[in-house]
Amino acid sequence: MSAPTGTASDRESTPSFDAYRRADGRTGVRNRVLVVPSVICSHIVAERIAESEESAVCAPHDHGCGQIGDDHEQTERTLLNLTRNPNVAGATVVGLGCEHLQSGPFADRVAESGVTVRETAIQDAGGTDACVEEGAAATADLAAAAADADRADATLADLTVGVVSSDLEESTRTVADPLVGDAVDALIDAGARVVVAGTDRLAAHRDAAADRAATATVAESVRTVGERDAGRPGNARRVARRAADAPFDEIVGAWGSASVDELVPYGGRASTGGGLTLVDSPSRFEEAATALAAAGASIVVHVTADGVPTGHPVVPVLKVTGNETTAEALADDIDLDAHTADVDAVLDELGRVAGGTPTASEEHGLTSFAISRVGPSL
């Protein structure tokens, strides 16, 4: 892997952009009201509420009902930390009224975390239409308040950037991942926090992965995650099987060369300040992007050989490919062709997106949302 381009002082002197400073000190690059269904049964109503307000986005999911134990806790943790993403100025929680993940108590937890929140439920409001009307009014109030959000100059060093490489194709491993990895090194060198997903690829490389940890505690956690995934059924280990046939440095090329200083669970929140966080998440884009957003990433870099075109409702997603055919065939859906880009181009594009320039998926209005499951639901 080549050395990062430029010095830390060079990067600190690059032009700043106008960002959103949240009460907890984190820096956001979008100013969105998040409409959160607490349960699958209310996600259509939540979508209708979000459609009523230009600055609102929705996170529709198929969880919140019949989940138990760790699976329920993971869903609630993920949704809670999603509302705390620095791109979120406020949240409207939409429930049904009889679900396991109750919208009222959940909204209370959101409020306790410092996020401005409103709550409505279909059964309490008097039905679907009444709930849409009540939720739309609450979301409009949040959007009006969000318009006055604090703004400040920021640089890439102030951000938390997420990275997911969702496949292990040769073009990804040899072209795109090394480029993104160099950009990760440059971001961390400048003082940014980078969060990476894809622990499913560590099963066959548990010792090597543990050696990347900054402390013995983190090393043990990384090794435990690898051992867990090694024992999963074959149909849940496609990425793991491909990773076993490749050198460790190739399968984590997009992570850069820094030591992993923390591992957080799926839906968990990363530390602030410079460094590298590993999120316990599969490599599948939709689930990984949600985990990275919950961890606090305000922008996500997605490496894709297939050119998966969808983004995420909460964070802008920068699409990078090392596949020349994909770059040509899906030119309108790919933000960076790794064959023609260098590290400075990646950082410049991140800076433009942070400053408000829409990514390809944002231009097209394409988003997808998913939460990983721990186990089967009842």
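A. Here's a closer look at empty space enclosed by the protein. This model, assessed by the stated rule, comprises 1 cavity of 30 Å³ or more. What the largest cavity holds in volume is close to 40 Å³. Every residue along the wall of the largest cavity is listed here: Leu202, Ala209, Arg212, Val222, Phe248, Trp255, Val260 and Leu278. When its residues are assigned to classes, the lining of the largest cavity shows 7 nonpolar, no polar and 1 charged.

B. Local environment of the pairing of strand E13 (residues 317–321). Among the 5 residues of E13, 5 are classified as buried, and the element is accordingly described as predominantly covered. Across 4 bridges, the pairing between strand E12 (residues 299–303) and E13 is parallel. Counterpart to Val301 in the pairing with E13 is Leu318. Judged from the 2 bridges that link them, E13 and strand E14 (residues 336–337) form a sheet pairing that is parallel.

C. Just the packing of helix H3 (residues 69–83) against helix H4 (residues 103–112), in detail. The interhelical angle for the contact between H3 and H4, taken along N-to-C directions, is 45 degrees, at an axis separation of 10 Å. If you check the angle between H3 and H4, you find them oblique. Crossing geometry of H3 relative to H4 is assigned as right-handed. Residues Glu76, Leu79, Leu80 and Thr83 of H3 touch H4, and the partners they reach there are Phe106, Arg109 and Val110.

Criteria and cut-off values
- Residues numbered from 1 in each chain as written.
- Predicted model: local features only at pLDDT ≥ 70, side-chain atom pairs only at ≥ 80, totals over all residues.
- Heavy atoms only, no water.
- 1 Å grid on protein atoms, 1.4 Å probe; cavity = no way out; pocket = protein on both sides within 12 Å on 5 of 7 lines; lining within 4 Å.
- Points joined across faces, edges and corners; volume = space filled by probe spheres on them.
- Nonpolar A, V, L, I, M, F, W, Y, C, P; charged D, E, K, R; others polar.
- Buried < 20%, exposed > 50% of the residue type's maximum accessible area, 1.4 Å probe, protein only.
- Helix = DSSP H or I, 4+ residues; strand = E, 2+ residues; numbered from the N terminus.
- Pairing = 2+ DSSP bridges.
- Axes fitted to C-alpha atoms, helices over the stretch in contact; angles between N-to-C directions.
- Parallel < 35°, antiparallel > 145°, perpendicular 65-115°, else oblique.
- Left-handed = near helix turned anticlockwise from the far one by under 90°.
- Contact = heavy atoms within 4.5 Å.

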